[in-house]
Each structure stands twice: as C-alpha cells, then as structure tokens.
Amino acid sequence: MQLRYNFRVYPTVGQQRSLAQAFGCARVVYNDALAARREAFEAGRKISDSELSKRLTEAKQSPERAWLAEVSAVVLQQALADLSTAYRNFFASITGKRKGGKVGPPRFRSRKDNRQSIRFTKNARFTVTAERPIHGHGRAKVAVAEDR
C-alpha cells in the first residue's frame, strides 16, 4: 500500500531556496539519466538502474556537479526511480500490458514548467510538527506535494 500526503505550505525564504534547489537538482538528475538512457539505446546497449545510480554518485563527487551533494540523496534517487517508472509505463503501453491510452516515451523536464515535485521516502527523516508545518532533519529540509 502506498500513502501520499499533500500539504499546502507557506515556506519561509530559506525554505523556498531549499525547495528550489531540491527541485532543480531532481530535474538535472532526471534529465541526465534520460540522456544516458537515450544515448545507450542509440548505441544499441542497455543501461541498468544501478549503473545510473553509480553515475549519480560519481557526478556528486565531480567538481562540476558537487552542488548535487547539497540536497537529500533520497530526492535524487527518487528522480531516478521516477524515470524508471516512466520507462516501465512506456514499454508496458507499447506491448499492451498497460490499460488505458498509449503512453509516450519519457521527456526531458523543463526548468520553466511550474509543475515541480520531489518525493521523499519513509527513511528521508522529515516530520510534520505544529510549530513548523514541515521540518526536516539533516539535509532533508522540506517535503512538499503540490495540491491541484
């Protein structure tokens, strides 16, 4: 069973910066992984989820992408999981195993799209408290799901 909580929050300026950083990092990781999967497909080979995760770890240690280490690793791993789910839905749609309309291949996420989201798992160490609507422990600052 999956549980989802939607919260409307009014973040402080610092929390807005943390959220923007988390949204941006998740988008970059997703787009990098999508580019790697497309490149592997064009080269006629497959790339596993573990290989993408390994590349993420290497990118976080590189000087050009060191800023990825400033956000929760859970957010970045969930971005990879979202891409994997998108591909799984796409292939299930092509083969007819998925009910409903056809699903297109995953697309790159845009910086200008206002539908931004990040996901945390149970072990991301965040809590909802009375004095601060959402309070994080460690590097997991804020968890938000936009209600529509």
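Residues numbered from 1 in each chain as written. Predicted model: local features only at pLDDT ≥ 70, side-chain atom pairs only at ≥ 80, totals over all residues. Heavy atoms only, no water.

K.L.:
How should the overall build of the protein be read in this particular structure?
P.N.:
Helices and strands together make up the secondary structure of the protein, namely 3 helices and 2 strands. A burial count over the protein gives 32% of its 148 residues as buried. Put simply, the protein shows about 10,500 Å² of open surface, and 51% of that area lies on carbon and sulfur atoms. (Helix = DSSP H or I, 4+ residues; strand = E, 2+ residues; numbered from the N terminus. Buried < 20%, exposed > 50% of the residue type's maximum accessible area, 1.4 Å probe, protein only. Areas by Shrake-Rupley, 256 points an atom, 1.4 Å probe, with all protein chains shown as cover.)

K.L.:
Looking at this structure, how should I read the nonpolar core?
P.N.:
Side chains of a nonpolar character, in soluble globular proteins, are inclined to be buried together. V29, L76 and I118 are the most contacted members of the largest nonpolar core, which has 26 residues in total. Only α1 (13–42), α2 (49–61) and α3 (73–95) provide two or more residues apiece to this core. (Core = buried A, V, L, I, M, F, W, Y, C linked by side-chain atoms within 4.5 Å.)

K.L.:
Teacher, can you tell me more about the pattern of salt bridges here?
P.N.:
Oppositely charged side chains may form a pair once their charged atoms are brought near each other. In this structure the tally under the stated criterion is 6 salt bridges. When the shortest N-O distance is used, the salt bridge between R37 and D49 registers 4.0 Å. Of the two residues, R37 is situated in helix α1 and D49 in helix α2; the sequence distance between them amounts to 12 residues. By relative accessible area, which is 17% here, R37 ends up buried. Judged by its relative accessible area of 42%, D49 is partly exposed. Note that D113 is salt-bridged to R115, the shortest N-O span being 2.8 Å. Note on D113: relative accessible area 26%, which makes it partly exposed. (Salt bridge = Lys/Arg side-chain N within 4 Å of Asp/Glu carboxyl O.)

K.L.:
How should the packing of α2 against α3 be read in this particular structure?
P.N.:
In helix packing, the relevant descriptors are the interaxial angle and the interaxial distance, both defined with respect to the helix axes. Remark: α2 packs on α3, axes separated minimally by 11 Å, with the N-to-C direction vectors making an angle of 145 degrees. Taken as a pair, α2 and α3 cross one another with a handedness that is right-handed. Counted together, D49, L52, S53, L56 and K60 of α2 and A73, L76, Q77, L80 and S84 of α3 form the full contact between these two elements. Taken together, the residues that form the contact of α2 with α3 break down as 5 nonpolar, 3 polar and 2 charged. (Axes fitted to C-alpha atoms, helices over the stretch in contact; angles between N-to-C directions. Left-handed = near helix turned anticlockwise from the far one by under 90°. Contact = heavy atoms within 4.5 Å. Nonpolar A, V, L, I, M, F, W, Y, C, P; charged D, E, K, R; others polar.)

K.L.:
Where do I start with the packing of aromatic side chains in this structure?
P.N.:
How two aromatic rings sit relative to each other is set out by the distance from centre to centre and by the angle between their planes. With the rule as written, the count across this model stands at 2 aromatic pairs. Measuring from ring centre to ring centre gives 5.8 Å for Y87 and F91, while their planes differ by 25 degrees; the resulting arrangement is stacked. Of this pair, Y87 and F91 both sit in helix α3, separated by 4 residues, roughly a single helical turn. Using a relative accessible area of 44% as the deciding quantity, one classes F91 as partly exposed. Residues F90 and F91 carry aromatic rings whose centres are separated by 5.2 Å and whose planes lie at 50 degrees to one another, so their mutual orientation is tilted. The structure contains a cluster of three or more aromatic residues connected by ring pairs, namely Y87, F90 and F91. Looking at R109, its charged tip hangs above the ring of Y30, at a distance of 3.9 Å from the centre. (Phe/Tyr/Trp six-rings, centres within 6.5 Å; stacked < 30°, edge-to-face > 60°. Lys NZ or Arg CZ within 6 Å of the ring centre and 35° of its normal.)

Remember that the coordinates give geometry; whether it matters functionally is a separate question.
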